[in-house]
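A structural walkthrough
For reference, the chains in residue letters:
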Amino acid sequence: MPVRSHHHGGHGSNTGDWKLRSYQRRKTHSMLNGATELAKVDNDIEEPGQTTRTVETDGHKVNFQLLKSVTKRPTTSRKERMESEWTNINVHKSRALGRIGHRCQRWLTSKDPIYLTVLYLVLYLSMNAIFAAVWYFFDRKGRCCEDESMTYAQVFDFAVQTSSTIGYGGYWPKGYLNNALVVVITLLSIVLSTVYAGLLFFKFITPQANIEFSDVIAMSNVLGEPCLEVRIGNADGRANALINGEANLWVTSIQEYRAPGEFAKRRVVQTENLHLAVSQVPKVNGVWTIRHFIDEHSPLYGLRLDEFPATTIYSLNLNFKAIQVITKGEVFSQTAYQVEDIMVGYCFEEQAVWDPKTKTGYHDYSKLSKTKPSFVWYPNAVEVDDYEDIRLEPPSWSNRSNGKQQVTERPDEPVWKRQSTYAASERW
């Protein structure tokens, strides 16, 4: 993403030149520092007197307007839009037996205890049924215990008693082959039971939490500045207390360009950290709203989300971790958003309710992702005079087929000269 300059300037349409307030000049976004201004009935933070302002970024003047309800909620879910599969090829391969073991380990540890219990019972009973069949059909004279009158059910009972190491004494193997089979079934049973017990132990000691994220990212003015907001909720509440919560937000963009003298394009995937106003909290038993202020230090400063270079944004990734009080272990969770998930000109609805009679607070998770219109400083559409090096109209050498843009490469056309509304997902 472009580096933003630290120069401010310009004008406001109603109240004259826009000036940084005291708490903004201190380069902080603290509610405590802005409390005096917020407490005023006629403060110009919640209801600014000016409706436009101009700042300078990357050597260009950017006009901002005070808007509401700029974008709409996506019609398709994030899961559907971001569903993709990447496969590694031509990697250094280890031994076949080792690869099979690693795959089985990853597959088994991803299953829940109920699934593992059912799988264990199926494998255990199947193993005994197979050994019982071997004794019953291939040893017709002795039926494993030199008793031709034994039925299949009795042979199966002998196999279960042997594999479970119960051994009531009603049956006992006779002959070298039968005794060898008893040793084999006992070893297999021990291995199967040990793996099952280890998986259950791993599942029960691994910290888990029911972490929920808001479906969208809200973008509105907070303390008079554009701000991205995302909600993280511990749906288990105090029943599964979490402490030392930490969140990180990143933006990943995909840039394409040609180096001088080269015809082939280069693709650079860049991930940048979006600094959070508060990235750590002492505990997360309810809902935590994280905020990223889009100031001069933000990679998103001065960008419209529907224009280049914001259209090169591939995803916004949010990671969360905390310590579970019960197990003293860390829990992790993550989610990803796209530009379409940013609700410009909206803020989240209040979802915390306090009952003074019962002195009880409630977090309504049905409102975790609900938004309402709210003012936000948002850049005007880019003008050709301001950015002559960005092509705003569809290139003449491109065409659309089956709803997808097909681009014919031209060696004399710089890659960075592209339609400003050309989404990154289409280029992929």
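To keep things clear, this report deals only with the structure shown in the data block. Just so it is clear, the model here is predicted, and its values are computed rather than measured.

Reading the values: the criteria
- Residues numbered from 1 in each chain as written.
- Predicted model: local features only at pLDDT ≥ 70, side-chain atom pairs only at ≥ 80, totals over all residues.
- Heavy atoms only, no water.
- Axes fitted to C-alpha atoms, helices over the stretch in contact; angles between N-to-C directions.
- Helix = DSSP H or I, 4+ residues; strand = E, 2+ residues; numbered from the N terminus.
- Parallel < 35°, antiparallel > 145°, perpendicular 65-115°, else oblique.
- Left-handed = near helix turned anticlockwise from the far one by under 90°.
- Contact = heavy atoms within 4.5 Å.
- Nonpolar A, V, L, I, M, F, W, Y, C, P; charged D, E, K, R; others polar.
- Phe/Tyr/Trp six-rings, centres within 6.5 Å; stacked < 30°, edge-to-face > 60°.
- Buried < 20%, exposed > 50% of the residue type's maximum accessible area, 1.4 Å probe, protein only.
- Lys NZ or Arg CZ within 6 Å of the ring centre and 35° of its normal.
- Core = buried A, V, L, I, M, F, W, Y, C linked by side-chain atoms within 4.5 Å.
- Salt bridge = Lys/Arg side-chain N within 4 Å of Asp/Glu carboxyl O.
- Pairing = 2+ DSSP bridges.
- Polar contact = N/O pair within 3.5 Å; in protein donor to acceptor, adjacent residues only side chain to side chain.

Details of the packing of helix H6 (residues 152–163) against helix H7 (residues 176–205)
- The N-to-C vectors of H6 and H7 enclose an angle of 55°; their axes lie 8 Å apart at closest approach. On the basis of the axis angle, H6 is oblique to H7. Here H6 and H7 pass one another in a crossing that is right-handed. Touching Phe-158, Ala-159, Thr-162 and Ser-163 of H6 are Val-182, Ile-185, Thr-186 and Ser-189, all from H7.
- In terms of residue class, the contact of H6 with H7 is built from 4 nonpolar, 4 polar and no charged.

A closer look at the packing of aromatic side chains
- According to the stated counting rule, one finds 9 aromatic pairs in the structure shown.
- Where Phe-131 meets Trp-135, the ring centres are 6.1 Å apart and the plane angle is 50°; that geometry is what we call tilted. A residue pair is termed a helical-turn pair when its members lie 3 or 4 positions apart in one helix, as Phe-131 and Trp-135 do in helix H5 (residues 113–138) at 4 residues.
- Overall, Trp-135 belongs to the buried group, its relative accessible area being 1%.
- Over the ring of Phe-64 we find Arg-53, and its NZ or CZ is 5.5 Å from the ring centre.
- The ring centre of Phe-263 lies 5.2 Å from the NZ or CZ of Arg-258, which sits over that ring.

Side note on the nonpolar core
- Counting 40 residues, the largest nonpolar core has Ile-232 and Phe-320 as its most contacted members.
- Sorting elements by how many residues they give to this core places strand E10 (residues 313–324) first, with 5 residues.
- Other than its neighbours up to four places away in sequence, Ile-232 contacts Ile-211, Glu-212, Phe-213, Ala-247, Gly-286, Val-287, Trp-288, Ile-290, Leu-318 and Phe-320.
- Counting residues in each nonpolar core, the second largest holds 18 residues, with Met-127, Cys-145, Val-155 and Leu-200 among its members.

Here's the deal with the pattern of salt bridges
- Scanning the model with the defined rule gives 7 salt bridges in all.
- When the shortest N-O distance is used, the salt bridge between Arg-53 and Glu-225 registers 3.8 Å. Placement of Arg-53 in strand E1 (residues 52–57) and of Glu-225 in strand E5 (residues 225–234) is noted, with a sequence separation of 172 residues between them. Each of the two residues, Arg-53 as well as Glu-225, counts as buried.
- Note that Asp-306 and Arg-304 form a salt bridge whose closest N and O atoms lie 3.2 Å from each other.
- Assessed through its relative accessible area of 36%, Asp-306 is described here as partly exposed.

Looking at the pairing of strand E17 (residues 376–379)
- Residues Val-376 and Tyr-378 point to one face of E17 and Trp-377 and Pro-379 to the other, with burial holding for every one of them.
- Relative to E17, strand E2 (residues 60–67) runs antiparallel, the two being bridged by 4 bridges. Bridge pairing in E17 links Leu-67 to Val-376.

Some points on the sheet that holds E1
- Here 3 strands make up an open sheet; going across it, the order is E1-E2-E17 and the pairing antiparallel. The outermost strands of the open sheet, each flanked by one partner alone, are E1 and E17. In this sheet, adjacent strand axes meet at a mean angle of 35° when their direction is disregarded.
- Bridge count for E1 against E2 is 6 bridges, and the pairing is antiparallel. From the neighbouring strand, Arg-53 faces E2, where its bridge partner is Phe-64.

Concerning the environment of Thr-109
- By secondary structure assignment, the location of Thr-109 is in helix H4 (residues 96–109).
- Looking at Thr-109, the relative accessible area reads 28%, which means it is partly exposed.
- In this structure, the C-alpha to C-alpha distance between Thr-109 and Leu-200, residues 91 residues apart in sequence, is 9.4 Å.
- Residue contacts for Thr-109: discarding those within four places in its chain leaves Leu-199, Phe-202 and Lys-203.
- Only 2.8 Å separates the side chain of Thr-109 from the backbone oxygen of Gln-105, close enough to count as a polar contact.
- In terms of polar contacts, Thr-109 uses its side chain to reach the backbone carbonyl oxygen of Arg-106, at 3.1 Å.

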